[in-house]
Amino acid sequence: MLRDELPETAQRELARHQNALAAYRGQNWTLAEKLFGDLRQAYPERLLYQIYQERAVHFLQHPPDADWDGVFTFQTK
């Protein structure tokens with residue numbers, strides 16, 4: 001299915017997700033945490049938003065190196 005074939009509500013969610021992901025990839029952890037938190041509140045059934053919000057909080061407390069490649073490494077099992 002092409003993006004413009006999606007229902008309007010799905011297109012809005014996708015745009016919000018892309019904005020949140022851009023903040024995350026840009027290492028703007030505060031904004032990423034807020035945007036993924038907003039998505040999580042709007043779509044509580046989507047586990048993905050919770051995961052990214054938690055990772056943004058983690059990176060706020062433990063910033064990655066300057067050469068971060070976007071990978072999240074688990075510290076515990």
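Computed from a prediction, not measured in an experiment: that's the story for all the values here.

Criteria and thresholds
- Residues numbered from 1 in each chain as written.
- Predicted model: local features only at pLDDT ≥ 70, side-chain atom pairs only at ≥ 80, totals over all residues.
- Heavy atoms only, no water.
- Helix = DSSP H or I, 4+ residues; strand = E, 2+ residues; numbered from the N terminus.
- Expected span 1.5 Å × (residues − 1).
- Buried < 20%, exposed > 50% of the residue type's maximum accessible area, 1.4 Å probe, protein only.
- Arc of directions from axis to C-beta.
- Salt bridge = Lys/Arg side-chain N within 4 Å of Asp/Glu carboxyl O.

**Q** I would appreciate a short explanation of helix 2 (residues 29–42) in the present structure.
**A** An α-helix turns once every 3.6 residues. As a result, residues three or four positions apart point the same way. In this model helix 2 runs 20 Å from its N-terminal to its C-terminal C-alpha over 14 residues, within 8% of the 20 Å that 1.5 Å per residue would give. Taken together, the buried positions of helix 2 are Trp29, Ala32, Phe36, Gly37 and Leu39. The buried residues of helix 2 occupy an angular sector of 165 degrees when the element is viewed end-on, so they sit on one face. Facing away from the buried side of helix 2 by over 90 degrees, the exposed positions are Thr30 and Gln41.

**Q** What is the right way to read the pattern of salt bridges from this model?
**A** Pairs can form between side chains of opposite charge whenever their charged atoms are close. Inspection of the entire model under this criterion finds 3 salt bridges. The closest approach of N and O atoms between Arg46 and Glu13, which form a salt bridge, is 2.5 Å. One end of the pair, Arg46, is in the loop between helix 2 and helix 3 (47–61); the other, Glu13, is in helix 1 (residues 8–25), and 33 residues separate them in sequence. Taking relative accessible area as the criterion, Arg46 reaches 35% and is therefore assigned partly exposed. Between Asp38 and Lys34 there is a salt bridge, and its shortest N-O distance comes to 2.6 Å. Highlighted residues: Asp38 and Lys34, both in helix 2, separated by 4 residues, approximately one helical turn.

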